[in-house]
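What the coordinates show
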Amino acid sequence: MPEPMPTVAILTALSLEYEAVLAHLTDVEKLTEPRYGTKAKRGRLPGTPWRVALVDMGEGTLTAAAITTHVLSWLDPEAVLLVGVAGGLKDDIEIGDVVVATKVYAIHGGKQTPDGFLARPEAWRASYRLMEAAKEALRGRAHFKPIAVGDVVLADADSELAQRIRTSFNDAVAIEMESSGVAHAVHLAGEAGALIIRGISDKADADKSRADAGGSQPQAAANAARAAVAVLRELEPKPTAPQPRDSDPREGPFRSSTDAPTYGGDHIDFRGSTFPGPFTAKSVGQPPHGDGQ
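Thresholds, definitions, all that
- Residues numbered from 1 in each chain as written.
- Predicted model: local features only at pLDDT ≥ 70, side-chain atom pairs only at ≥ 80, totals over all residues.
- Heavy atoms only, no water.
- Salt bridge = Lys/Arg side-chain N within 4 Å of Asp/Glu carboxyl O.
- Phe/Tyr/Trp six-rings, centres within 6.5 Å; stacked < 30°, edge-to-face > 60°.
- Helix = DSSP H or I, 4+ residues; strand = E, 2+ residues; numbered from the N terminus.
- Buried < 20%, exposed > 50% of the residue type's maximum accessible area, 1.4 Å probe, protein only.
- 1 Å grid on protein atoms, 1.4 Å probe; cavity = no way out; pocket = protein on both sides within 12 Å on 5 of 7 lines; lining within 4 Å.
- Points joined across faces, edges and corners; volume = space filled by probe spheres on them.
- Nonpolar A, V, L, I, M, F, W, Y, C, P; charged D, E, K, R; others polar.
- Pairing = 2+ DSSP bridges.
- Polar contact = N/O pair within 3.5 Å; in protein donor to acceptor, adjacent residues only side chain to side chain.
- Contact = heavy atoms within 4.5 Å.
- Core = buried A, V, L, I, M, F, W, Y, C linked by side-chain atoms within 4.5 Å.

The next subject is the pattern of salt bridges. A complete count under the given rule lists 12 salt bridges for this structure. What emerges from the salt-bridge pattern is a single network uniting E17, E176, E178 and R198.

What follows concerns the packing of aromatic side chains. All chains considered together, the criterion is met by one aromatic pair. Relative to F169, the ring of Y105 has its centre 5.2 Å away and its plane inclined at 55°; by these criteria the two rings are tilted. In this pair, Y105 sits in strand 6 (residues 98-106) while F169 sits in the loop between helix 4 (160-168) and strand 11 (174-176), placing the two residues 64 residues apart along the sequence. Assessed through its relative accessible area of 11%, Y105 is described here as buried.

Glancing now at empty space enclosed by the protein. A full pass over the atoms with the stated rule returns one cavity of 30 Å³ or more. Taken as a whole, the largest cavity spans an internal volume of roughly 40 Å³. Together, I10, V21, H24, L25, L45, V52, A225, V229 and L232 line the largest cavity. The leading source of residues in the lining of the largest cavity is helix 7 (residues 216-234), at three residues. When the residues that make up the lining of the largest cavity are grouped by side-chain class, the tally is eight nonpolar, one polar and no charged.

On to the layout of surface pockets, then. Taken as a whole, the second largest pocket encloses approximately 350 Å³ of empty space. As for the second largest pocket, its lining consists of 15 residues, and the residues nearest its centre are P6, T7, D76, E78 and K238. Of the residues in the lining of the second largest pocket, the class split is seven nonpolar, two polar and six charged.

The next subject is the pairing of strand 4 (residues 51-56). Relative to strand 4, strand 1 (residues 7-12) runs parallel, the two being bridged by six bridges. Of the residues in strand 4, the one forming a bridge with L11 is V55. Counting the residues between successive antiparallel strands, the hairpin from strand 3 (residues 39-44) to strand 4 contains six residues, one of them, G47, with a positive phi of roughly 80°.

Once that is clear, we can look at the side chain of N223. Structurally, the position occupied by N223 is in helix 7. Here G96 takes part through its backbone oxygen, which lies 2.8 Å from a polar atom of the side chain of N223. If we skip the residues at most four places from it in the chain, N223 touches G96 and V98.

Glancing now at the environment of D205. Of note, D205 is situated in the loop between strand 12 (193-202) and helix 6 (208-213). Sequence-distant contacts of D205, that is, excluding residues within four places in its chain, are made with L154, A155, D156 and A157. Of note is the side chain of D205, whose polar atom sits 3.0 Å from the backbone nitrogen of D207.

Glancing now at the nonpolar core. The biggest cluster of nonpolar side chains holds 39 residues, and the ones touching the most others in it are I10, L81, V100, L138, L195, I197 and L232. Elements with a minimum of two residues in this core: strand 1, helix 1 (15-22), strand 4, strand 5 (79-88), strand 6, helix 3 (128-138), strand 12 and helix 7. Ranked by the residues each element gives to this core, the list is headed by helix 7, at 10 residues. Ignoring anything within four residues of it in the chain, the contact list for L138 reads V100, F144, A227, A230 and V231. Counting residues in each nonpolar core, the second largest holds 32 residues, with L82, V173, I196 and I200 among its members.

Attention shifts here to the environment of S180. By secondary structure assignment, the location of S180 is in helix 5 (residues 179-189). Between the C-alpha atoms of S180 and I107, which are 73 residues apart in sequence, the distance is 9.3 Å. When near neighbours in sequence (up to four residues on either side) are disregarded, S180 contacts T61, V104, A106, W124 and V149.

With that out of the way, let us pick up unusual backbone geometry. Even without being a glycine, D27 presents a positive backbone phi close to 50°. Relative to the elements of secondary structure, D27 occurs in strand 2 (residues 26-32). Judged by relative accessible area, D27 falls into the exposed class, the value being 58%. Look at A204: it is not a glycine, yet its phi comes out positive at around 55°. Structurally, A204 is set in the loop between strand 12 and helix 6.

Structure representation (structure tokens):
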């Protein structure tokens, strides 16, 4: 029988992100997780060895963490990609650009004091294996930079939050609402790696609504989906575990001949072995079998 195709999970937060990825899949089937009812569509990604399980998980870090946990235990993917849109934080990051997160910051951890807010951030780095595939696939076509994540839509570049991000997370080039939940769930599971791919749909400023109304979100989502496909064309599945060797029919309880009794219990197989020194054994509870045995 042919080997089953390995699975990668792609998670999205918005329907338009979901549709942008779904457009690349063939032979799509519907799946339902039996315990919680989580829905997925699974299809082939042509030109790759991968089956893609696509999940529209919804918005927010807590939802992202919970659904990612379901997906990991349910579908056991080799990798998890979060694909969608984000707001840009730097002047040299343009609407439509693709950002691959080298690091994910959770921006809301901290301590409020009379002297101001003291940041206590958490951060997760991208999977090395997935990042290597992304760099090879998207060299010169994407920004490889950290992103900031919080349960907030940032639409004011002059706000206190925007200033805090510039001060405490100065290398972040984009902001969105789900990656920290996905990254944390994958980190706790310890097996699959995570990669975050975002298309920039606005500049996280007062013009956000105007950019969205102008169709920037579908275009940014399409760019992110194409980038994800390029990464999966480059990513190779993990090697399968070696199959156990066929058992040797001569192993097991020792029988000296077809007529002799079988000696049960533990035994040691000496075939193909060498010993640098003497080997001593003791027979317990069994009668001698012939001279010298």
